[in-house]
Each structure stands twice: as structure tokens, then as C-alpha cells.
Amino acid sequence: MATERADVIVIGGGPAGSTAAGFIRLANPERRVVLFEREPFPRHHVGESTLPEMNAVLHKLGVLPKIQAAGFVKKTGITYKWQHDQPLFSELFATGVLSAMEQGRAALADCAFQVERSRYDAILLEHARSLGVEVVQPGRVEGVIVEGGRVTGVRASRGGGPVSEWSADAVVDASGQARLLSRWLKLLPSAHPLGDLAIFRYYAGFTWEEELVGRPEGSKIFFAACPAGWIWFIPLSAERVSVGLVTRAPFLERMTAPELFEREVAAVPELERLLRGARTTSAPGEDGAAPRTHTITDWSYSHPVAAGPGWFLAGDAAAFIDPILSSGILLAHHSGLSCANAISTLWRHPELPAEELHAGYSAYYAQLYGGFLAMAQWWYQRRKVSGIDEWHALAARLGDSARGARALNHGGASSFMTFAAGFLTDFRFVNLGVGYGDRGLQIMADQQPGGAGQQVARELLDRSALPRSQVKSASVESYWSTDVESERWWRLPEVRLQCEATERRYRPPVPLAEREERGIQRTLSLVSHVIAACDGRRSVDDVVRYARDRLGAQQASENQQLANLILTDLVLLGAVTLR
Ligand SMILES: Cc1cc2nc3c(=O)[nH]c(=O)nc-3n(C[C@H](O)[C@H](O)[C@H](O)COP(=O)(O)OP(=O)(O)OC[C@H]3O[C@@H](n4cnc5c(N)ncnc54)[C@H](O)[C@@H]3O)c2cc1C
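Going along each chain's sequence as written, the residues are numbered from 1 onward. Owing to the predicted nature of the model, reporting of local features is limited to residues with pLDDT of at least 70; listing and counting of side-chain atom pairs is limited to 80 or more, with chain, interface and lining totals taken over all residues.

**As for the site of the ligand**
Put plainly, near means the residue's C-beta atom, positioned from the backbone, lies within 6 Å of the molecule or strand in question. Taken together, 38 residues form the shell around the ligand, and within it G14, G47, G176, G315 and G328 come nearest. Here a helix means four or more residues in a row that DSSP labels H or I, a strand means two or more in a row labelled E, and each is numbered from the N terminus. Secondary structure elements with two or more residues in the shell around the ligand: helix 1 (15–27), strand 8 (139–147) and helix 10 (328–348). Broken down by element, the shell around the ligand gets its largest block of residues, 4 residues, from helix 10. Polar here means any residue outside two lists: the nonpolar Ala, Val, Leu, Ile, Met, Phe, Trp, Tyr, Cys and Pro, and the charged Asp, Glu, Lys and Arg; Gly therefore counts as polar. A class-by-class count of the residues in the shell around the ligand yields 16 nonpolar, 15 polar and 7 charged. Here the shell around the ligand spans two domains, since at least three of its residues come from each of domain 1 (3–71 + 115–188 + 300–361) and domain 2 (197–297). The start and end points of each domain follow an automatic or database-based domain assignment.

**With respect to the sheet that holds strand 3 (residues 33–36)**
The mixed open sheet is built from 6 strands, whose spatial order is 7-3-2-11-22-21. Of all strands in the sheet, those bounded by a partner on one side alone are strand 7 (134–136) and strand 21 (307–308). Any two strands are treated as partners once DSSP identifies two or more bridges connecting them. Relative to strand 22 (residues 311–313), strand 11 (residues 170–173) runs parallel, the two sharing 3 bridges. The residue of strand 22 that forms the bridge with V171 is W311.

**Structural notes on unusual backbone geometry**
With omega at 0°, the peptide bond leading from F41 into P42 counts as cis. For P42, the location among the structural elements is in the loop between strand 3 and helix 2 (55–61). Omega for the peptide link from Q137 to P138 comes to -5°, which places this bond in the cis form. Its place among the elements puts P138 in the loop between strand 7 and strand 8.

**Things to note about the packing of helix 1 against helix 10**
Angles run from 0 to 180 degrees between N-to-C directions of axes, and those axes are lines fitted to C-alpha atoms, restricted for helices to the stretch in contact. Where helix 1 contacts helix 10, the two axes come as close as 8 Å, and the packing angle between them is 30°. Read as a crossing pair, helix 1 and helix 10 show a hand that is right-handed. Only I329, A332, H333, S335, G336, L337, C339, A340, I343 and S344 of helix 10 make contact with helix 1, whose side of the interface consists of P15, A16, T19, A20, F23, I24 and A27. The residue makeup of the contact of helix 1 with helix 10, split by class, is 12 nonpolar, 5 polar and no charged. Less than a right angle of anticlockwise turn of the near helix away from the far helix marks a crossing as left-handed, whereas a clockwise turn marks it as right-handed. This entry defines residue contacts through backbone-placed C-beta atoms, with two residues in contact when those atoms are within 7 Å.

Below, the structure is given as C-alpha cells:
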């Protein structure tokens, strides 16, 4: 069998594969990156509604202008019909996202897009090609080569021709729900019981009812709960709309998929109005074919181990979370970026322990999808007993509990819309501080009225409060992280703070430019000086000044800012109390 050589092989040309391959080439233009995509494009794909937060990744990849110019319907907000006896919830991303953008990404659009995936995926793949990725299409990966416990390549065919062996430093599995590598390597995914089946159709000639779905120049996605699950309504153009039911397979025991779909749509009066006079039409990418009712598996799963020697899982190949939050494409782009950064890091820093970085990628990805999973689970559990107001209040508490969000205009709707726009996974929040992932979701689980977050936000405004440390002892460990601002992964400090009976884990902020030994030492020194100064006698400002002065005159104003952030985080964590 002929053997060919690439530096990286990517399986699959969906959003995760194109992103991973594109970023590898951007950072390493001398490397050979070969991507196999089994389908000729354009091809139909479900999953059409994106989130504003991921624009940062598209921007970094250089493809955002092409997406913006493609004429996709802008998505400016969402409408939920949560319960039939509750008023509609309809809100714009601008309510929450714009204030988040003011903190550094103002140049990026405050809207997302409702995309025909046949065109969206083709633009991304073409962009990867323009960055020098060799795209083999149609090219089918048939098997993986494992030597001494390491993935060293794949077996693949071009255009239905004979199978060749390919060797590579790394194989990225972005094969979507085919999950090729995990099947071949016998990795067991964890299942998360939410919906497990989706039934969907396309219609032409629907009614643009503004409160529900906005206007063609600025649309909203409409979600409606229905007796057997929930329904999405995604306008894809002025004419065509994607309508889908997420449900569970047992509902099909007594009726066919089209019957169940029609029964559920008819149970929501708003859908009946939107679809009055509309006719079924073909799917994007299947133009000219007869309209049909599509069914697809929709079970949520994740792989606790998402990387190992010579391999990475990205996008749906790593995890799939119920589409109630439209998070799939965002996760595909972010994981594509993260595994590209990991591969670049291992090439440039062979001294770094690869196993640690692989484990770091798995942990990091779990945190990334974990936020969406928790919110989806919460939605499924609460759908029958509570309304949007409750989620509103929860989102406000969740927002208040994280360092970044506190600076936002965090009313209930604003926090909710910030999260609904995908900022749940904002790297600045997750990586560089307390993060929604840890503390926020814990508060969500606790659901304590008047939770810690709100008190903290109020108390920190009072600069004359007297902070007192609750820390009995501290030790330092590390964790791995990357973000959209950088091309590599970093080993950053995680401080374990023993406070009375409980342990708090704290990931202090380390400025991007200084994530090497010196910067890390500076941050850790500030943490220890802040804790030492919190004796219940100094004010907030005195504590900050004390920590700043201990580090000398160099970088004094930066040190003051950092000390202020650290003190805020420690209060949020409950490691320091205020009186
Ligand atoms: C019912 C439903 C509704 C959804 N709604 C949304 C939504 O509104 N918003 C959202 O963001 N997400 C949504 N999603 C999720 C979204 O579709 C996925 O998360 C996204 O497509 C993942 O991208 P990916 O690149 O990982 O995989 P994919 O987009 O599936 O791409 C994988 C590619 O790998 C190729 N491939 C597979 N096997 C091989 C092989 N052997 N050799 C070569 N190539 C191969 C396939 O042809 C495919 O092109 C939804 C999903 C479902 C099921």
C-alpha cells in the first residue's frame, strides 16, 4: 500500500475541520495540512443558527468578512415561548452583548447569522484551502493507524479510488457525529439524556411576524415548547425557513415522523400563524429535490478524553449538546482553534509534556461545553414548572457571580442575553478568572435567592469595606489553557485555598504578554500579598495598595489593577469576606 506523508491530517470539512486546519496553516505556513471530506460540497447539513460570541474566532481566522458578505440572514435576537400560559420572551442580543463587546471586541458584529450550511460550510472549507490546506474532496478516511499506542496516521481514499496509508504527527477527528476516531479507538462517550431525535422540514413563503421572528434585515430565532419537546423556527432567507422538532424516540412508537411533527407544530398557535400559507420546500443544498421530512439522531454526548498521543477530537466528534442554545457551531469553531493551538504548541515547545497538554485539552473542552450542557439540562428540567422570568433571575445571578460580567449592564435580561449570545464560554471569563464554568454554575445549582454574586457586586462598590481573609493555607497547582488571542497553550497557576472546611480553587489572572515564569510569579506574589493584607482592619483600597507596594515601583499601576482584580475574585470565591 502506498504511503504518503502530511504534518497533520484532518478528518472532515465541517466547521470544526476547516477551523482546525485553517488555524494550523495560519500559525505554521510551512507545514503540510491535508483535510479529507467525504462529501462533495455544497451538501445539506442541519444546524443553522449561530451565536455572536464565535465571531471572534471567525475574525481571527480571517473568514468573518466572507461570512458577512455572503448574504446570510442576520440573527439579532431570540424569542422563546417557554410555557403556553406565560408571555413571550423576545429580546435582542444588543441588550447584553454590546456591553460585553465594549470590553474589547467592539469591532465584531453584535449579531450572528442564520446560515444555509451548504453555503456556510463551503465558504469555510474554501477559506481553509486559500490558507494552504490541501483539501481531498471527495476523500474518505477508512481507518486509523496506531503504532505503540500512538495514532500515527490514517487509511484514506481519494474520490473512490484505492486506499492509501497516510502518516502524520497528529490526526484531528472532525468527522462530526460519525465520531470515527472514538469508535476506532474504542473511547466510550458519556450520554446526557435530553432530546434524542430531531424531525425537521423546510418551508417557503412563511409570514414574517416581527415580534416572533424579527425582519429579513434582522431576524430572531423562535423557540417554542410543545407537548413532545420543543420546536425551532429559523428564517434562512426572506422566503425559506427551517422548522424542527426535538423530541424523544418513543413518541414515534404510535405514529410516523411527519404525523408527530405536524401534531406538535399544530399545538403551538404562533407556529400555525407563521406557517399559514407556507408550503414545504427542499433543503438548502438539495435544491430541486422533492421536499421531505428529515429525521436525525439528536442525543447529547461527550468524550471525557478528547486527546491523546497523536490525536485530537474537535466539534461534534468530541461532544454534541442539545441544540436548544444553538451552541454546536460555536463549539466546533472554538475546539478547532484550541486543538490547532495545541498542535502548534507541541511543535514549537517539544520540551512541554504532551500528556499534560492532552489532558488539559480534554479538561478545557469539558469546561467549554459544560456551561451549555448545564443550561440545557436546566431548561429541560424546568420547562414544565417555571417560566422565563426564573431563568432571567438565574442568569442575572450567574452573571453577577463572574468577574467579567459584573462590569456589564447586568439586569436580568442583559445577563440572559449575554449568555444566550454564547458568552457563557468567553475565554476571558473562563480562563482568566473565576469563570462562569466553576462558580457560576455552582450558584446556578444552589439557586440560593440573593446569592453570593449580588452581595459581592454591591459590597465591592464600597471601597471602604474591610476585607478579611478566610484562607487557612494555600498551595499552587497548574492547569492548561488557550484563547482566541493567542496561538499556543499555557500552563497557568491554579491556587488551592483551604478556607475553614471548604477548599476553593482560584485561577488568578496572568496578563497575556507575561504568561511565562516571571508573569506567573508576579501574579502569585500579588495573590499572597492580597491575602496577607486582608486582616479585617485595612480597607479595600488599602489592601490593593499594600499588595502593589510589596512588588516595588516597577509596573506599579498594572500591579494595582491586578491586585484589585485578585481581591475581587477572592471575595467572589468566598475566600475573603467583607464587612
Ligand atoms: C437537530 C440538530 C439541530 C442543530 N441545530 C444547531 C443550531 O441551530 N446551531 C448550531 O450551532 N448547531 C446546531 N446543531 C449542531 C451542529 O449541526 C453541529 O454542532 C456542527 O455541525 C458540528 O460541526 P462539525 O464540524 O463538528 O461536524 P459536521 O458539520 O457534521 O462535519 C463533519 C464532516 O465530516 C465529514 N466526514 C464524516 N465522515 C468522514 C470520513 N470517513 N471521511 C471524510 N470525511 C468525513 C462529513 O461529511 C462532514 O462534512 C444542530 C444539530 C442537530 C442534530
